[in-house]
Structures are given as C-alpha cells and as structure tokens.
Amino acid sequence: MITFRAAWACPIDQPPIRDAVIEVERGFIRSIAPFDSAPGASARSLAQGRPGSQLPAPGSRDLGNVVVLPGLINAHTHLELSWLRGRVPPANRFTDWVKTLVGIRRGTEQLITPEVMGPVRDAIRELRASGTVAVGDITNSLAAVEPMLEAGLHGVVFHELLGFDERDGALVETTRERRAAVAARGARISLAPHAPYSTSVELFKAIRAEVSGSNHPILSVHLGESVEELELLQTGSGPWRGMLQTIGVWREDWEIPACGPVQFLDRHGVIDNRTLVVHGVQFDEAALDRLRELGATLVTCPRSNRWVGAGYPPIDRFYASGVPIAVGTDSLASVDDLNLFSELKTMHWLAPEVPARKILESATLVGARALGLESELGSITAGKRAELIAVQLPAAVEDVEEYLVSGIAPSQVTWVH
Ligand SMILES: [Zn+2]
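Below: a short report on this structure.

Calculation criteria
- Residues numbered from 1 in each chain as written.
- Predicted model: local features only at pLDDT ≥ 70, side-chain atom pairs only at ≥ 80, totals over all residues.
- Heavy atoms only, no water.
- Helix = DSSP H or I, 4+ residues; strand = E, 2+ residues; numbered from the N terminus.
- Rg over C-alpha atoms; globule rule 2.2 N^0.38 Å.
- Contact = heavy atoms within 4.5 Å.
- Areas by Shrake-Rupley, 256 points an atom, 1.4 Å probe, with all protein chains shown as cover.
- Lys, Arg positive; Asp, Glu negative; His and termini not counted.
- Charge placed at Lys NZ, Arg CZ, Asp CG, Glu CD.
- Axes fitted to C-alpha atoms, helices over the stretch in contact; angles between N-to-C directions.
- Parallel < 35°, antiparallel > 145°, perpendicular 65-115°, else oblique.
- Left-handed = near helix turned anticlockwise from the far one by under 90°.
- Nonpolar A, V, L, I, M, F, W, Y, C, P; charged D, E, K, R; others polar.
- Donors = N, O, S within 2.8 Å, 3.2 Å for Na, K, Ca; no water.
- Tetrahedral: all angles 85-135°; square planar, octahedral: opposite > 155°, others 65-115°.
- Buried < 20%, exposed > 50% of the residue type's maximum accessible area, 1.4 Å probe, protein only.
- Salt bridge = Lys/Arg side-chain N within 4 Å of Asp/Glu carboxyl O.

## Description of the overall build of the protein
So, point 1. When helices and strands are counted, the protein shows 16 helices and 14 strands.
So, point 2. Taken over C-alpha atoms, the radius of gyration comes to 22 Å for the protein, in line with the 22 Å a tight globule of 417 residues would show.
So, point 3. For the protein, the C-alpha atoms occupy an extent of roughly 75 × 45 × 40 Å along the three principal directions.
So, point 4. Of the contacts formed within the protein by residues at least 6 apart in sequence, a portion of 70% connects residues at least 24 apart.
So, point 5. For the protein, the exposed area adds up to about 16600 Å²; of that, 51% sits on carbon and sulfur atoms.
So, point 6. The average position of the 39 basic charges and that of the 50 acidic charges among the side chains of the protein differ by 4 Å.

In structure tokens, the structure reads:
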C-alpha cells in the first residue's frame, strides 16, 4: 500500500479536503480522509516522513502544495482528425467550416497511414500530459483504437456512421465485423450516428437498434450545433440542403421534420438515458427539458463551437436545466489543444455564476457516468482506480475549485502514479 498526502484533494463526490491523505493499494483507492482523521497506520507512516521532508517513510509520499483530483474525462473528441490541426481555420458559418474540412479530408476518411497515426499518438500524449484519463472518441476509421490501448487511455470508441441517402440500415451490418475485431482487442466500442443533416432516419433507427442490443448500449450524436441544422429540420431549406444537393445525396423523398433537433430524434426513439447528445448550442428550454426527462447527457465543447461558427453555447442555461452536463474538446480540426482544463476555463468565463464545483463534476464524474465508467473512474472513491492527477498550486490558494477552472497548464500537471 502507498499513502499520499497533499495540501488539497478534490474527490468530486464530496467537498474538497484540506491536508488530505489518500491510501492506494494495487492501483486502486483504499481510502481518502483529512490527515487529522486518517487511519492510524497511514498517519504514523506519514508523520515519520514529515511533510515536505526529503526522506519520507517507506510507502508514503508527501506530494506537497498540490491539489489531487481524479483524471479528467474528455467525453467528445475525434483523435483520427488530429492531423488536421491548424489546417481548418475558424469560420463564421458552420457550413463554411464543414466545406473546408470535407474538402481537405475527402478520400482520407478510412486512412491509417503514418501521416494520420503520428498525430493521433501525439494527441494521446497531449491528453495524458494535461490530465485526461478517458475519452469518448468518435471515429470513422477506428484508427485511434490501437494507440489508445497501447497508451492505456480509457474510454469508449464510437464508430461513426453516416449517409443522408442511406435508405436502410445495411451499413450497420456491413461494418459489424470491424467493430467485433476492435471489441476482441479489449476496447469498449459502440456506435455514433453523425448528425441529422448527414444521417437518414433509416440509418438512425438501425443504429439505435444495434446499440440497444449491445454490451455497451451508449450512443453519441452531434445535435443542435448550428442554426443551419435547425433551418434544415424546420423548413427543409438553407445551406445544408444546398450542400447535400451539391454532393449528390439529397433525397427528394426526405420528409421535412418541421421541428427541432431533439424532437426529431425523440420522435424516432433515438435518445435515451445512455445517450450523449453533443453540442446543443441551439437548444431551447423545451429541448433541454425533454433531454432531462429522457435522462440523456449533454456534452458541451464551447471552444470548438466558437471555432466552427456555431457560436458559444449557453452554459448557464445548460446547468439551470438540470440536464447532466459533460465536457469535450472536439477534435484538433476545431480547437487549439486537447487540454480539458482550457475548456473548463472557457465554461467558467462564459458562465461565472455556475459553481466551479459543478464544472469540475462535469469534467470527471458526469463524463465517467455518461461513458459507463463510473465504477472505475470519475472520483476519488474507495474501490475506484487510482488514476489521479496532482495540479501544482501557487503559494496561497484558498479556493482550489475556483483555481482549477481558471486555466491549468500541462506543466502544472503530474500523474500521482
Ligand atoms: Zn464532434
């Protein structure tokens, strides 16, 4: 057993603990308590070492002036797009950003080449260096699965399928073997229908059925990101219709839903309490109320939303709605870095009234729950994995939660193990 002492700990499932002692046994958390009330043996072994001493007692370590917290959960990213870093500039309109992305990416969607894989590995190193323990990774190529397993990065791989002109669910069947191969390698894999403007109702329904009958019945979908998406669903026209016609996949028999994005997918039974609804920048109160009723999780990626021209999300309304809020960075095609702490800083800046504790919970426990990892990760709780990070603190910090959502650089982060 190893005992760690730190100036602060944020267990997430309880308030911050000043002068905390964490006992770890064989990679799992055994206990967490204030030093004063730590189990006798731990306190004695730490006392022998004396805080800050160069020679701590065997089996104990004083981490010094740090705050220890569980590794962060990035609930939405696309590691396979990492090679696009810096290549798709910010846009004022979402469809303009998509046009640039698709133009650069066309024909490379399934590539697993060194040009793609090098940046994937770099991105995983970057995630780890900034304190991320698990991801919800969206992928067309399944390229990141192997590097994730190699690096010990936890998470769920969402195989993303799309096709506005898919007239049945055949794509689900023809790709099933690829997912089975990944599952056999030990990865958690599920499915993600891309978005309402790129995925037919038939495909949505087939994916829903496949996911519901699987071992990891979690589904992720991009929803309510841009005003152009709302326009298409409400009226059947606008820039999305033009783009779908240009690339030759528009369907004359497409039934205009004449409603909002949540209502649209709800109508077809796509959303449930194991669904990650990603973005929601354009959601109104009714959409948020319905998500709460359904028990879905909303994943917000504010820096990406701004980059792609969708605008910043209404973070305060998200939290006020009572819907569980998780956090993602989205891909390096629409954000500068994969440091989730930068995302938290943006959320705090957008909604200073939302308690820092709620924002930290989003980046840990809520994300872990959404990905089905809450029995292992997301809080410093006895029995969970001891995959913990220590963030270096300046000399005098009274409110560690506030500090953690004010921007943390990777250079401040170390892994406790
Ligand atoms: Zn995305």
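## Quick word on the packing of helix α2 (residues 94-105) against helix α9 (residues 239-246)
Angle between the axes and distance between the axes are the two parameters that describe a pair of packed helices.
So, point 1. For the pair α2 and α9, the least separation of the axes is 10 Å and the interaxial angle reads 25 degrees. If you check the angle between α2 and α9, you find them roughly parallel. Here the hand of the crossing between α2 and α9 comes out right-handed. Between α2 and α9, the residues in contact are Phe94, Thr95, Val98 and Lys99 and Pro239, Trp240 and Met243, respectively.
So, point 2. Of the residues that constitute the contact of α2 with α9, the class distribution is five nonpolar, one polar and one charged.

## Some details on the coordination of the zinc ion
Expected angles at a metal are 109.5 degrees for tetrahedral coordination by four donors and either 90 or 180 degrees for octahedral coordination by six donors.
So, point 1. The protein atoms that coordinate the zinc ion are His76 (NE2), His78 (NE2), His222 (NE2) and Asp330 (OD), at distances of 2.1 to 2.6 Å.
So, point 2. Coordination geometry of the zinc ion: the four donor atoms subtend angles of 82 to 168 degrees at the metal centre, consistent with an arrangement described as irregular.
So, point 3. Along the chain, the residues donating to the zinc ion fall in the pattern H-x1-H-x143-H-x107-D. Taken together, the positions of His222 in strand β9 (residues 219-223) and Asp330 in the loop between β12 (325-327) and α14 (340-350) put the pair 108 residues apart, joining distant regions of the chain.

## Here we look at unusual backbone geometry
So, point 1. One non-glycine residue with positive phi stands out, namely Asp19, at about 50 degrees.
So, point 2. Note that Asp19 resides in strand β2 (residues 17-25).
So, point 3. On the basis of relative accessibility, which here comes to 25%, the residue Asp19 falls in the partly exposed class.
So, point 4. One non-glycine residue, Leu142, adopts positive backbone phi at about 65 degrees.
So, point 5. By relative accessible area, Leu142 is classed as buried at 9%.

## A short note on the pattern of salt bridges
Side chains that differ in sign of charge can pair as their charged atoms come close.
So, point 1. Counted by the stated rule, this structure contains 26 salt bridges.
So, point 2. Between Glu23 and Arg30 there is a salt bridge whose closest N-O contact spans 3.8 Å.
So, point 3. One salt bridge connects Arg176 with Glu210, and the closest N-O pair in it is separated by 2.7 Å. With a gap of 34 residues between them, Arg176 in helix α6 (residues 176-184) and Glu210 in helix α7 (residues 201-212) connect regions that are remote in the sequence.
So, point 4. Note on Glu210: relative accessible area 22%, which makes it partly exposed.
So, point 5. Among the charged side chains, a network of salt bridges with common partners joins Arg167, Glu202, Arg251 and Asp253.

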